[in-house]
Amino acid sequence: MASGDLGHQHTRDYLETSNHTSNLFGLLSNNLVLYQTLPYLPVSAILNIAATSRPFRDLLLHGTPSVFRHLDLTQVKTAQFDIDGIDHGGQVWRNVQVDENLTEDDFYSGPLRGIFSSLRRRNILQDVGTLVLDGLSVTSEFLNDILIDPESRVRILSVREVKNLNERKLMQSLRYACRPSRTEGMPRLKALYYFGKKDAAPLLAAPPAAQSAATPRGANISAGWNQKSQQSLKESIAGDGDDWYGRKGRVINKRIIDGWAETLLDCREVLQFDTVLCTGPRHRNSPAFGKTPVTPASANGGSPWGVATFAVGGCASCGSAPEGFTVYGSARQQDLPLLSPVPLHSSNVKSATRPAPTTVNNLNGQHEFVPRCLECIRERYCFSCNQWWCEACYQVPSREEMTLQHVHIVDEANGLNDHELAAFEQPKVKVRMGYCHDCVLKVTPR
Ligand SMILES: [Zn+2]
Ligand SMILES: [Zn+2]
Ligand SMILES: [Zn+2]
């Protein structure tokens, strides 16, 4: 094609150019290419391509059962719950039958239920193995239906940062679905992403205003594609690796309400989450429970179980932890957290827990971490340098002992006076107010 034709080319739909169409068709007819490619496309793009011609429709909607294996509805416009849209009779409700018997659940899950019945009619729903609903309006009733629906094939479900969800009801549903007397083979769901932050939105689905109206559909798809793969490339280069294994410190920012630890406990061996139980020796599930004295004795009456929100490495003194590390490859599968992003090319829980091969984080080449709740690293962990001192190596001084030492938290302008520094330098106190000795010195002018 002569370069002068390029401008003209842009005015036509990329996919309707016979050359491009047959090239694309040729490519997608290759199953390997098709399966690698489809997860990167939003469902609307797949349906758009299918709508361009009968061969595409046959290929995508009738010939290939796993086209919708990975279904990400986060960027689908009709899935957004928009209260203004409802007030103004907006399109959010176009799939919902509104009547006076409307329940709260009908109201908040209306947009998703509408999409689901349309997917069911097209026989798409039965193929979905991974369902991503991050950030949408998702009720506990809706999730309960997925959990107990014998037709549902969803094995990986992501509902991070969703709206209008009753957490306590969700816990009840999960504990019920995983109860010992459950039907064999149920629930089909094996992995629930709930606690972490949603994955970065694919640039493909930038708001329509940001896209030129004249940009051909095909060009949009490939541009989004490029940006998305560049983005994951950047992440793999710049990042320290996966959360938990590679990146240490706070992994879960969400506030953990009471009941979640017990829910994780009741669901283990059945369902995995994007966090795990804390293994600190104060908890009953810890291999070190009853073997390592814990100080301070029990800040919260010694909660039997805790949800891990931090990943720490080996203790600064002994290099390990009383309970040992959670090591990928030798830990039980049920003790591994699901990792972000949600896997694109598989709906298998094992691939969701597999750390990237490049993120080796210790000298012997293992992927490992120690999962801890905040209570179990309090006054042991430095928020500045991520060092910590384990229960076996370090007894946190009692409140009275701390007060006697007159150690004050550092004020960046003045720092500690010599007397105060001397008190801090006693080996007795490793961490004060979230900072270790070294990090305190760094902000204290001498
Ligand atoms: Zn130690
Ligand atoms: Zn803990
Ligand atoms: Zn420090």
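Residues numbered from 1 in each chain as written. Chains lettered and ligands numbered in written order. Predicted model: local features only at pLDDT ≥ 70, side-chain atom pairs only at ≥ 80, totals over all residues. Heavy atoms only, no water.

Colleague: I would appreciate a short explanation of the packing of aromatic side chains in the present structure.
Modeller: What describes a pair of aromatic rings is the distance from one ring centre to the other and the angle between the planes of the rings. One pass over the full model with this rule turns up 13 aromatic pairs. On the numbers, 5.0 Å between centres and 75° between planes, the contact of Phe195 with Trp260 is edge-to-face. Of this pair, Phe195 sits in the loop between strand S4 (191-193) and helix H10 (217-238) while Trp260 sits in helix H11 (residues 260-267), placing them 65 residues apart in sequence. Considered together, Phe195 and Trp260 belong to a single accessibility category, that of buried residues. Put simply, the rings of Tyr194, Phe195, Trp260 and Phe273 pair up and form one aromatic cluster. Here Arg179 stacks its cationic end above the ring of Tyr176, 3.9 Å away from the centre of that ring. (Phe/Tyr/Trp six-rings, centres within 6.5 Å; stacked < 30°, edge-to-face > 60°. Helix = DSSP H or I, 4+ residues; strand = E, 2+ residues; numbered from the N terminus. Buried < 20%, exposed > 50% of the residue type's maximum accessible area, 1.4 Å probe, protein only. Lys NZ or Arg CZ within 6 Å of the ring centre and 35° of its normal.)

Colleague: I would appreciate a short explanation of the sheet that holds strand S9 (residues 368-372) in the present structure.
Modeller: Whenever strands of a sheet pair, they do so through backbone hydrogen bonds, lying parallel or antiparallel. Overall, antiparallel pairing links the four strands, which are arranged S5-S7-S9-S8 in an open sheet. Pairing within the sheet leaves two strands with one partner each, and these edge strands are strand S5 (249-250) and strand S8 (326-327). Judged from the three bridges that link them, strand S7 (residues 310-312) and S9 form a sheet pairing that is antiparallel. What sits directly across from Phe310, in S9, is Arg372. (Pairing = 2+ DSSP bridges.)

Colleague: What am I meant to see in the coordination of the zinc ion (ligand 1) here?
Modeller: The protein atoms that coordinate the zinc ion (ligand 1) are Cys315 (SG), Cys318 (SG), Cys390 (SG) and Cys393 (SG), at distances of 2.2 to 2.3 Å. One can describe the donor arrangement at the zinc ion (ligand 1) as tetrahedral, given that its four donor atoms subtend angles of 104 to 114° at the metal. Read N to C, the donor residues that coordinate the zinc ion (ligand 1) are spaced as C-x2-C-x71-C-x2-C. Placement of Cys318 in the loop between S7 and S8 and of Cys390 in the loop between S9 and helix H13 (399-404) is noted, with a sequence separation of 72 residues between them. Looking at Cys318, the relative accessible area reads 42%, which means it is partly exposed. For Cys390, a relative accessible area of 0% translates into the label buried. (Donors = N, O, S within 2.8 Å, 3.2 Å for Na, K, Ca; no water. Tetrahedral: all angles 85-135°; square planar, octahedral: opposite > 155°, others 65-115°.)

Colleague: Please explain the coordination of the zinc ion (ligand 2) as it appears in this structure.
Modeller: Coordination angles at a metal have ideal targets, namely 109.5 degrees for four tetrahedral donors and 90 or 180 degrees for six octahedral donors. Here the zinc ion (ligand 2) is held by Cys278 (SG), His283 (NE2), Cys373 (SG) and Cys376 (SG), and the distances to it run 2.0 to 2.3 Å. Each of the four donor atoms bound to the zinc ion (ligand 2) contributes to angles spanning 98 to 119°, and the resulting shape is tetrahedral. All donors of the zinc ion (ligand 2) belong to a single chain; written as a sequence motif, their spacing is C-x4-H-x89-C-x2-C. A residue pair is termed long-range when its members are at least 10 positions apart, and Cys278 in the loop between strand S6 (272-273) and S7 and Cys373 in the loop between S9 and H13 qualify at 95 residues. Judged by relative accessible area, Cys278 falls into the buried class, the value being 0%. The exposure class assigned to Cys373 is buried, which follows from its relative accessible area of 9%.

Colleague: Is there a simple way to explain the packing of helix H4 (residues 43-52) against helix H5 (residues 54-62) in this structure?
Modeller: Working note: a packed helix pair is described by the angle between its axes plus the distance between those axes. At a minimum axis separation of 6 Å, H4 and H5 run at an interaxial angle of 140°. When the interaxial angle is binned, H4 and H5 end up oblique. Residues Ile46, Leu47, Ile49, Ala50 and Thr52 of H4 lie in contact with H5, whose contacting residues are Phe56, Arg57, Leu60 and Leu61. Residue classes in the contact of H4 with H5 are distributed as seven nonpolar, one polar and one charged. (Axes fitted to C-alpha atoms, helices over the stretch in contact; angles between N-to-C directions. Parallel < 35°, antiparallel > 145°, perpendicular 65-115°, else oblique. Contact = heavy atoms within 4.5 Å. Nonpolar A, V, L, I, M, F, W, Y, C, P; charged D, E, K, R; others polar.)

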